[in-house]
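One letter stands for each residue in the lines below.
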Amino acid sequence: MRGAERVERGRVCWDASDEPDDCGNETHGTPAEQWRDTSMERREFLQGTAATAMAAAPGARAMADAVKAEAMIGVQVGAVSFVDEGVEQTLDVLQQDGAVNTLFVATFTYGRGIAGRQVPGQPLPDHGKQQYDTGTFYGGSYTKVDPRYFRDTVFQSFRAPDLGDFDVLEAVLPAARKRGLKTVCWFEDVFRKDLPNIDQLQEKELGGSNAATLCFNNPNYRNWLLGMVEDWARTYDVDGIMWGSERQGAFSNMLGAHAGGPGQPMRVTCFCDYCQERARKQGINPERARQGFMELAKFVEASRQSQRPVDGYYVTLWRLMLKYPELLAWEMLWTESLRDTYAAIYAKVKEVKPALQVGWHIWHTNSFNPIYRAEQDLTAIAPWSDFLKIVIYNNCGGERMAEYIGNVGHTIYGDVPGDELLEFHYRVLNYREKELAEIPFTGLSSDYVYRESKRAHDGLAGAKTLLLPGIDIDIPTAQGHSKCTPQSVHDATLAAFRGGADGLILSRKYSEMRLANLKGAGDAIREWRQA
Ligand SMILES: [Zn+2]
């Protein structure tokens, strides 16, 4: 599977891929110190703001109001919306209906999940150009590219051609500043296969082919990521940077432990030379790992054809894991490579401009797959995270949870009926929703949003990392499945705050949101500010 949320053949699905980037251990100390500096600045800033407010109206209420006034209330928006609807008009709507104070502008991606207009096959919203950009969407960088920052990578040609010379930051920043809005560059690791030199950054699949996804341990990709954030940090007066990777390691991928299509076992990644070298340095035998994955691939292929092993699916999988501990070692190798990528990006941005806020989009699979959730150790990534956008999309969450259950119900848990399997997941993930047949049509409730927010809040206890749950506003679902309403968005928004959110990010992109549902969030935000 590969990155971003996207819709294929009328169904929402994900692709995954994985990757690791290497940053070298030398970056690990610096970011932690930088983080402490930054969090100190933030705390002092908030205290200063609160002190000012208290001077005017003394009391705890004043301090709470000041903290709420400063809370980061963001919305994700792609470049095409500003072109289609005009910068001032778009900002009017986002401020008035959405009550936001921060723009998460999709400055780079090749994915339709966060850029472009509404995805084809989904109803067009009640604003923007009333036509799909099927023939014109291409993706890439929606800002000008300064080649000085890309000397250390062979990937140098990635300017999005869709909107001509339009530079979204150049167009939006002055107007945003004037309104007191903050702007964060938002990008994800979703690429196309038809880009110049991209083959030199791509991951290797188990079967030996190049993947569409890029390898974190490949210096060409790592240097490109660092060049990209340095370009934005130096060239533009932005307030922060958020990056996201919607992928996981080969073990979870092979088991299909995610929403969307189950994927093909032989296409999991990454087995490139850089990853093998990194594995050897950590005492992991790449050949043993490959053997283990080949065995696992046979297991998965047979499981999907309902060929039950003599000892059942779960026991047989455990037998493989015990025989090949490299399966889990390879999974963790991927996760560590992702964490190193976070650390490297964090260090680069702080080196350029310490005041910029740096954070990460944490994939929705965090709510479904306990293995992936285990890999999202918030205390481990907090030192390199000024904020975390934890995806807690409730409406599309029902459909996605059902897809996940369907996938793992044909591999690891092949012996467990779907409803029991879902019940087990509700138990271990600590939320409780409707039955399997219902959730695609009902979505998940605001209680799910509350519980997931609270869990992340508690998981960040003691860290200065801000929790910004991602709120679902009209994220595409299949025809006939549940759709957002103003009330459902309103309730989910308040539930996130009740769970301890420091702010939130309205998702995925303005060009797919209906205005009434955006206003549902805006109303809730205003209620929270006044409560
Ligand atoms: Zn690799």
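Bear in mind the structure is a predicted one, so any value in this text is a computation, not a measurement. (Residues numbered from 1 in each chain as written. Predicted model: local features only at pLDDT ≥ 70, side-chain atom pairs only at ≥ 80, totals over all residues. Heavy atoms only, no water.)

Draft legend 1. Highlighting the nonpolar core. Among the nonpolar cores identified, the biggest contains 133 residues, and Phe187, Trp224, Trp243, Phe293, Leu296 and Leu506 are the most heavily contacted of them. Per-element accounting of this core gives the leading share, 12 residues, to helix 11 (residues 326–352). Discounting residues that sit within four places of it in the chain, Leu506 has contacts with Gly74, Val75, Gln76, Gly98, Val100, Ile471, Ile473, Met513, Leu518 and Ala521. (Core = buried A, V, L, I, M, F, W, Y, C linked by side-chain atoms within 4.5 Å. Buried < 20%, exposed > 50% of the residue type's maximum accessible area, 1.4 Å probe, protein only. Helix = DSSP H or I, 4+ residues; strand = E, 2+ residues; numbered from the N terminus. Contact = heavy atoms within 4.5 Å.)

Draft legend 2. A look at the packing of helix 8 (residues 273–281) against helix 11. Packing of helix 8 against helix 11 leaves a shortest axis separation of 11 Å and a crossing angle of 105 degrees. The angle between helix 8 and helix 11 places the two elements in the roughly perpendicular class. Contacts between helix 8 and helix 11 involve Cys275, Gln276, Arg278 and Ala279 from the former and Trp330, Leu333, Glu336, Ser337 and Asp340 from the latter. Grouping the constituent residues of the contact of helix 8 with helix 11 by class yields 4 nonpolar, 2 polar and 3 charged. (Axes fitted to C-alpha atoms, helices over the stretch in contact; angles between N-to-C directions. Parallel < 35°, antiparallel > 145°, perpendicular 65-115°, else oblique. Nonpolar A, V, L, I, M, F, W, Y, C, P; charged D, E, K, R; others polar.)

Draft legend 3. Examining the coordination of the zinc ion more closely. Binding of the zinc ion to the protein goes through Cys215 (SG), Cys270 (SG), Cys272 (SG) and Cys275 (SG), at separations of 2.2 to 2.3 Å. Taken together, the 4 donor atoms coordinating the zinc ion and their angles of 98 to 120 degrees define a geometry best described as tetrahedral. The exposure class of Cys215 is buried, given its relative accessible area of 0%. For Cys275, a relative accessible area of 1% puts it in the buried group. (Donors = N, O, S within 2.8 Å, 3.2 Å for Na, K, Ca; no water. Tetrahedral: all angles 85-135°; square planar, octahedral: opposite > 155°, others 65-115°.)

Draft legend 4. Local environment of a negative patch on the surface. Judged by side-chain charge, Asp419, Glu420, Glu435 and Glu438 come together as a negatively charged surface patch. Along the chain, Asp419 falls in helix 15 (residues 418–429). For Asp419, a relative accessible area of 43% corresponds to the partly exposed category. (Patch = residues over 30% accessible without salt bridge, like charges linked within 9 Å, V, L, I, M, F, W, Y side chains within 5 Å. Areas by Shrake-Rupley, 256 points an atom, 1.4 Å probe, with all protein chains shown as cover. Salt bridge = Lys/Arg side-chain N within 4 Å of Asp/Glu carboxyl O. Lys, Arg positive; Asp, Glu negative; His and termini not counted. Charge placed at Lys NZ, Arg CZ, Asp CG, Glu CD.)

Draft legend 5. Representation of helix 15 in the model. Spanning 12 residues, helix 15 covers 16 Å between terminal C-alpha atoms, matching the ideal 16 Å at 1.5 Å per step. Listed in full, the buried residues belonging to helix 15 are Leu421, Leu422, His425, Tyr426 and Leu429. Projection of helix 15 onto a plane perpendicular to its axis shows the buried side chains occupying an angular sector of 140 degrees, all on one side. Exposed residues on helix 15 whose side chains face more than 90 degrees from its buried face are Glu420 and Arg427. Residues of helix 15 that are buried in the fold lie against helix 12 (370–375), helix 14 (395–408), helix 16 (439–442) and helix 17 (446–459). Phi turns positive one or two residues past the end of helix 15, at Asn430, with a value near 65 degrees. (Expected span 1.5 Å × (residues − 1). Arc of directions from axis to C-beta.)

Draft legend 6. Layout of the pairing of strand 9 (residues 240–244). The buried fraction of strand 9 amounts to 5 of the 5 residues, a majority that puts the element mostly inside the structure. Residues Gly240, Met242 and Gly244 line one face of strand 9 and the alternating positions Ile241 and Trp243 line the opposite face, and both faces are buried. Pairing between strand 6 (residues 182–188) and strand 9: 5 bridges, direction parallel. Paired with Trp186 across the two strands is Met242, which belongs to strand 9. Taken together, the 5 bridges between strand 9 and strand 10 (residues 357–362) define a ladder with parallel strand orientation. Following the sheet pairing, Ile241 is matched in strand 10 by Val358. (Pairing = 2+ DSSP bridges.)

Draft legend 7. Molecular detail of the pairing of strand 3 (residues 73–78). Among the 6 residues of strand 3, 6 are classified as buried, and the element is accordingly described as predominantly covered. Covered by surrounding structure in strand 3 are Ile73, Val75 and Val77 together with Gly74, Gln76 and Gly78, the residues of both alternating faces. Here strand 3 pairs with strand 14 (residues 504–507) via 3 bridges, running parallel. Of the residues in strand 14, the one forming a bridge with Val75 is Leu506. Here strand 3 runs beside strand 4 (residues 102–109); their pairing, made up of 5 bridges, is parallel. Paired with Gln76 across the strands is Phe104, a residue of strand 4.

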